[in-house]
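# Structural features, examined
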Amino acid sequence: MAYDVVLKNINKHISLDTDEISYFTSLLKEKSVSKRGMILKDGQVCKEISFVKSGALRAYYRDKTGKESTIMFAITDWWVTDMFCFVNEQPAMLNIEAIEDSVVLQLLKVDLDKLYIKIPKFERFFRIIMQNAYIREQLRVIQNLSLPANERYNLFLSKYPEIVKQVKQKQIASYLGITPEFLSMLRRNKRTKRIS
């Protein structure tokens, strides 16, 4: 069914009856995105939060020199947006691109606000989603400040093995705050240790 993946995601935190499911799914807009296609560009008003039905996305910040820093990845069963700009309906600071052919289900901010009123338990669901995202990002900042690069890389490998298979090494390096060359060295060292 078209909404099985997102409904399973929601059922992790709240239960919906048939009418609630019908109302919620009526608000979703499905969008196919080709590899390298954008669902959000910096400067564009951020109006949607997206659920990844299939594929993989990358959210990144581009500085004035054009250097890209990966902020997060989103794979099947994950939610993604430029949260600050979405909540405040402001121009996006982030770009969100498909790193492989993907399908997303998008929910407009105006429809999310309606959803909170009509089905208040969605406030609980999105509170949990946002708390989890905040916790993940706080831990990432602390790890970036306190752990050497090889430990950050090993943590990334153990925590997100499915992402490693779907993204380019230079995108992982960007996420970890290291150069692609340094990541290559870390990967070589890891392989050498396994062989010896």
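What comes next is a walk through the structure. If you're wondering where the values come from, they're calculated on a predicted model, not measured in any experiment. (Residues numbered from 1 in each chain as written. Predicted model: local features only at pLDDT ≥ 70, side-chain atom pairs only at ≥ 80, totals over all residues. Heavy atoms only, no water.)

## Observations concerning the overall build of the chain
The following threshold applies: Each helix corresponds to a stretch of at least 4 residues labelled H or I by DSSP, and each strand to a stretch of at least 2 residues labelled E; elements are numbered beginning at the N terminus. Both definitions apply: the radius of gyration is a C-alpha atom measure, and the globule rule equals 2.2 Å times residues to the power 0.38. Residue burial is assigned from relative accessible area. The probe radius is 1.4 Å, only protein chains are included, and a residue is buried under 20% of its type maximum, exposed over 50%, and partly exposed in between. Note on areas: Shrake-Rupley, 1.4 Å probe, and residue coverage restricted to the protein chains presented here. By the counting scheme adopted, Arg and Lys are positive, Glu and Asp are negative, and His together with the chain ends is not counted. Taken as the charge centre is NZ of Lys, CZ of Arg, CG of Asp or CD of Glu, depending on the residue.
Along the chain, the regular secondary structure elements total 9 helices and 8 strands. Here the chain has a C-alpha radius of gyration of 18 Å; the compact-globule value for 196 residues is 16 Å, and the two agree. Its C-alpha atoms give the chain principal-axis dimensions of about 60 × 40 × 30 Å. Taking all 196 residues of the chain together, the buried fraction comes to 41%. With the model as given, the accessible surface of the chain reaches about 11,000 Å², and the carbon-plus-sulfur share is 55%. Both charge centroids of the chain, one from 32 positive and one from 22 negative side chains, sit 8 Å from each other.

## Section: the packing of helix α4 (residues 109-118) against helix α5 (residues 121-146)
Here is the rule: To define axes, lines are fitted to C-alpha atoms, for helices over the stretch in contact only, and angles between the resulting N-to-C directions are given on a 0 to 180 degree scale. Between 65 and 115 degrees an angle is taken as roughly perpendicular, under 35 as roughly parallel, over 145 as roughly antiparallel, and anywhere else as oblique. Two residues form a contact once any of their heavy atoms are found within 4.5 Å. Three residue categories are used. Nonpolar comprises Ala, Val, Leu, Ile, Met, Phe, Trp, Tyr, Cys and Pro, charged comprises Asp, Glu, Lys and Arg, and polar comprises the others, including Gly.
At a minimum axis separation of 8 Å, α4 and α5 run at an interaxial angle of 125 degrees. Relative to α5, the element α4 lies oblique. Across the interface between the two elements, Leu112, Leu115 and Tyr116 from α4 touch Phe122, Glu123, Phe126 and Met130 from α5. Its residues assigned to classes, the contact of α4 with α5 comprises 6 nonpolar, no polar and 1 charged.

## Observations concerning the side chain of Ser174
To be explicit about the condition: Under this definition, polar contacts are N or O atom pairs within 3.5 Å; protein pairs additionally need one hydrogen-donor-capable and one acceptor-capable atom, and for neighbouring residues in sequence, both atoms have to be side-chain atoms.
With respect to the helices and strands, the residue Ser174 is situated in helix α8 (residues 169-176). According to the relative accessible area criterion, Ser174 is buried, its value standing at 18%. Separated by 3.3 Å, the side chain of Ser174 and the backbone oxygen of Glu68 make a polar contact. If we skip the residues at most four places from it in the chain, Ser174 touches Glu68, Ser69 and Thr70.

## A word on the sheet that holds strand β7 (residues 95-98)
For the record, the criterion: Here a strand pair is declared whenever DSSP counts at least two bridges between the two strands.
An order of β2-β7-β4-β5 is seen for the 4 strands of this open sheet, with the pairing classed as antiparallel. At either end of the open sheet lies a strand with only one pairing partner, and these are β2 (38-40) and β5 (68-75). The average undirected angle you get between the axes of adjacent strands in this sheet is 25 degrees. Strand direction decides the pairing type here: strand β4 (residues 56-62) and β5, joined by 7 bridges, are antiparallel. Along β5, the bridge assignment pairs Leu57 with Ala74.

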